[in-house]
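Descriptive analysis of the structure
Chain by chain, the residues run as shown.
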Amino acid sequence: MDGGTEWGTEHLAVRREGATLVLTLNRPEAKNALSLPMLVGLYDGWLAADADDSVRSVVLTGAGGSFCAGMDLKALAGERGMGGSSEDACRARMKADPDLHWKAMLRHHRPRKPVIAAVEGHCVAGGTEILQGTDIRVAGASATFGLFEVRRGLFPIGGSTVRLPRQIARTHALEMLLTGRAYGAQEAARIGLIGHVVPDGTALEKALSLAEQVNACGPLAVEAVKASVYEALEMSEEDGLAAELKRGWPIFDTEDAREGARAFGERRAAVYRRL
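The rules behind the values
In this numbering scheme, every chain counts its residues from 1 along its sequence in written order. For a predicted model such as this one, the threshold for reporting local features is a pLDDT of at least 70, and the threshold for listing and counting side-chain atom pairs is 80 or more; totals across whole chains, interfaces and linings nevertheless cover every residue. Each side-chain value is worked out from all heavy atoms of the structure, with water and hydrogens disregarded. To define axes, lines are fitted to C-alpha atoms, for helices over the stretch in contact only, and angles between the resulting N-to-C directions are given on a 0 to 180 degree scale. Here a helix means four or more residues in a row that DSSP labels H or I, a strand means two or more in a row labelled E, and each is numbered from the N terminus. To sort the angles, those under 35 degrees are grouped as roughly parallel, those over 145 as roughly antiparallel, those from 65 to 115 as roughly perpendicular, and the leftovers as oblique. Handedness of a crossing is defined here by the sense of rotation of the near helix relative to the far one, left-handed for an anticlockwise turn of less than a right angle and right-handed for a clockwise turn. By definition, residues are in contact when any of their heavy atoms lie within 4.5 Å. Note that Gly is not counted as nonpolar here; it falls among the polar residues with everything else outside the nonpolar set of Ala, Val, Leu, Ile, Met, Phe, Trp, Tyr, Cys and Pro and the charged set of Asp, Glu, Lys and Arg. A 1.4 Å probe that fits into a set of points on a 1 Å grid over the protein atoms alone but cannot get out defines a cavity; an open set with protein on both sides within 12 Å along at least five of seven lines defines a pocket, and lining residues are those with an atom within 4 Å of a point. Grid points are joined across faces, edges and corners, and a volume is the space filled by probe spheres set on the points. Centre distance within 6.5 Å is the pairing criterion for rings of Phe, Tyr and Trp, where only the six-membered ring of Trp is used; planes under 30 degrees apart are then read as stacked, over 60 as edge-to-face, and the remainder as tilted. In this scheme, the term charge over a ring applies when either NZ of a lysine or CZ of an arginine sits within 6 Å of the ring centre and within 35 degrees of the ring normal.

1. Structural notes on the packing of helix α1 (residues 36-51) against helix α3 (residues 87-96)
Two numbers describe how α1 lies on α3: the axes approach to 9 Å, and their chain directions differ by 55°. When the axes of α1 and α3 are compared, the pair comes out oblique. Relative to α3, the crossing made by α1 is left-handed. On the side of α1, the interface is formed by Leu36, Pro37, Leu39, Val40, Tyr43 and Asp44, while α3 contributes Glu87, Cys90, Arg91, Arg93 and Met94. Here the residues of the contact of α1 with α3 are counted per class, giving seven nonpolar, no polar and four charged.

2. Topic: the layout of surface pockets
Of the voids in this model, the largest pocket is the one considered here, and its volume is about 690 Å³. Along the walls of the largest pocket sit 26 residues, with Arg110, Gln132, Gln167, Tyr230 and Leu233 positioned nearest its centre. Counting only elements with at least two residues in the lining of the largest pocket, the list comes to β7 (136-140), α6 (160-167) and α10 (219-233). With six residues, the single largest contributor to the lining of the largest pocket is α10.

3. Let's talk about the packing of aromatic side chains
Ring pairs (aromatic) are described by centroid distance and by the angle formed between their planes. All told, the structure shown has one aromatic pair when counted by the stated rule. Across from the ring centre of Trp102, 5.0 Å away, lies the NZ or CZ of Arg107, which sits over that ring. Over the aromatic face of Phe148 sits the side chain of Arg151, whose NZ or CZ is 4.8 Å from the ring centroid.

Next up, the structure:
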C-alpha cells in the first residue's frame, strides 16, 4: 500500500496517510453500527496493517460524525438484507472463520502496530468495546460513550467485563457496566477511558498528529514496547520484568538503535529501516 492509496469494502473505507493506515467505519446513516461487511473489512484491515512494514500506525475512526453505535441489532437477530450487496460473501467468510467477528472487534486479535482511535459522536455498546482494543484514544468534546447492553437485557460480550476493569478503576468499570448509562467525553477522560478531548470535528486531526509522532520513532522499538506492555498485564510484576528484559535487550542490538543514536548526535531526524 503506497501513500495515498485508497481501498476498502462495503461499509469500511481504507486509506493511507503517510505511514498511517486510516480505517473509517462507513455507515453514517446507521451511526456506523456494525454490519457483516464492516466486520469483515475491519479484520482485513488489521491484517493488512500488520503485513505491510511501511505501515507504522493505524487510526480507527467513523464517518458522518459518529464512531460506532454498536452491533446492528437487526443483523444480530439474523435479519437478511442488512449487509448490502456483499452479504452472502461475508456470511461465507464468517462461516469459514467463526471467530472472525471477534478478531474484527479486537477481542481475539491484537495488531502489532499501535492503534489510535479518533472518536466523534456515538461510541457506545460495541463501539465502546472496540475502543478498549485500541491503544491511544482521542474524542471530540460532544462524543458519547457507554455500555448499554444491560439496559437491553444483553451482555457486553465483546470483552468489556474482562478488559474494562483492567483499563480503568474497578468502581468506574462496574458503574459503566451495571448502569448502562451514557458518559460524555469529559467524564470518559476523567475516568481514564480516553486520553484526549478536543473540539468537535478535530479528533481525526489530533489522532493523525499522534500517529505522526509514533511513526517518527523506531518501529521495532515501538512494536516491542506495545507487545511488552500487554504481555506484562497478564503476568506478575516479577515475571513481567523478566519478560521485558527478554523482549527489550535485543532492540539495543539493532541497526535502528544505532541509527537513533547517530541521528541524535548529528541533530537530524532518524531514518529507521526495521533492521
